[in-house]
Amino acid sequence: VLFCVGDGVLSKAITTATQSEFSHVAHFRIINGKPFVVDAQKNGLTAKSWDDWNKEFNYRFVPLREPNLTALKLATYNEKEFDLLGTRYDYESLGYRHPKKIITGILNRFRKNQKEGWKERTDEQEIKRLYCSEHIATVRDFAEKQLTPQEVFTECMLRGYFEVK
């Protein structure tokens, strides 16, 4: 799993709003013997060659690997991910739902009666659109799917993932 940050305005806005060191998360894959990155970007969930992805986005990243990843588990992840290829990008969550959750959380620190800042989507809505961290959480079967990149990083660390150097 690649935890990424870029130099663009959107990357800076995401890291600032989420109080995170990461603005994006993606999967590194070997497909037909060649390195690829599968991630959710503005054109949806796609696979790009490693070289094309690096040239287009120029992210700095921290790679984490799942401990004791078996061939069967990797095949399960691959199958889920390939079924999701082509899923549209979830602009609604990026532009409205996450900011609302963050702002509500900040305001709740000062409220007597706390408000809910997040309305869960139905299963049908869930698969129609994905943003980057939802993609990883869905493929890797995290209980919570609607996470920030930093929250995915934290969940991975709790599961014993380790940095690949």
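Scroll up to find the structure.
Residues numbered from 1 in each chain as written. Predicted model: local features only at pLDDT ≥ 70, side-chain atom pairs only at ≥ 80, totals over all residues. Heavy atoms only, no water.

*Asks:* Lay out the environment of isoleucine 31 with the relevant residues and their values.
*Replies:* Along the chain, the position of isoleucine 31 falls in strand β2 (residues 24–31). Spatially, the C-alpha atom of isoleucine 31 lies 9.2 Å from that of serine 49, the residues being 18 residues apart in sequence. Apart from residues no more than four positions distant in its own chain, isoleucine 31 is found in contact with Phe36, Ala47 and Phe82. (Helix = DSSP H or I, 4+ residues; strand = E, 2+ residues; numbered from the N terminus. Contact = heavy atoms within 4.5 Å.)

*Asks:* Pulling in residues and values, what's your account of the pattern of salt bridges?
*Replies:* A full pass over the atoms with the stated rule returns seven salt bridges. Linking glutamate 66 and arginine 140 is a salt bridge whose minimum nitrogen-to-oxygen distance equals 2.7 Å. Of this pair, glutamate 66 sits in the loop between β5 (60–65) and α3 (71–84) while arginine 140 sits in the loop between α6 (132–139) and α7 (149–158), and the two are 74 residues apart along the sequence. On the basis of relative accessibility, which here comes to 7%, the residue glutamate 66 falls in the buried class. Connected via shared salt-bridge partners are Glu66, Lys73 and Arg140. (Salt bridge = Lys/Arg side-chain N within 4 Å of Asp/Glu carboxyl O. Buried < 20%, exposed > 50% of the residue type's maximum accessible area, 1.4 Å probe, protein only.)

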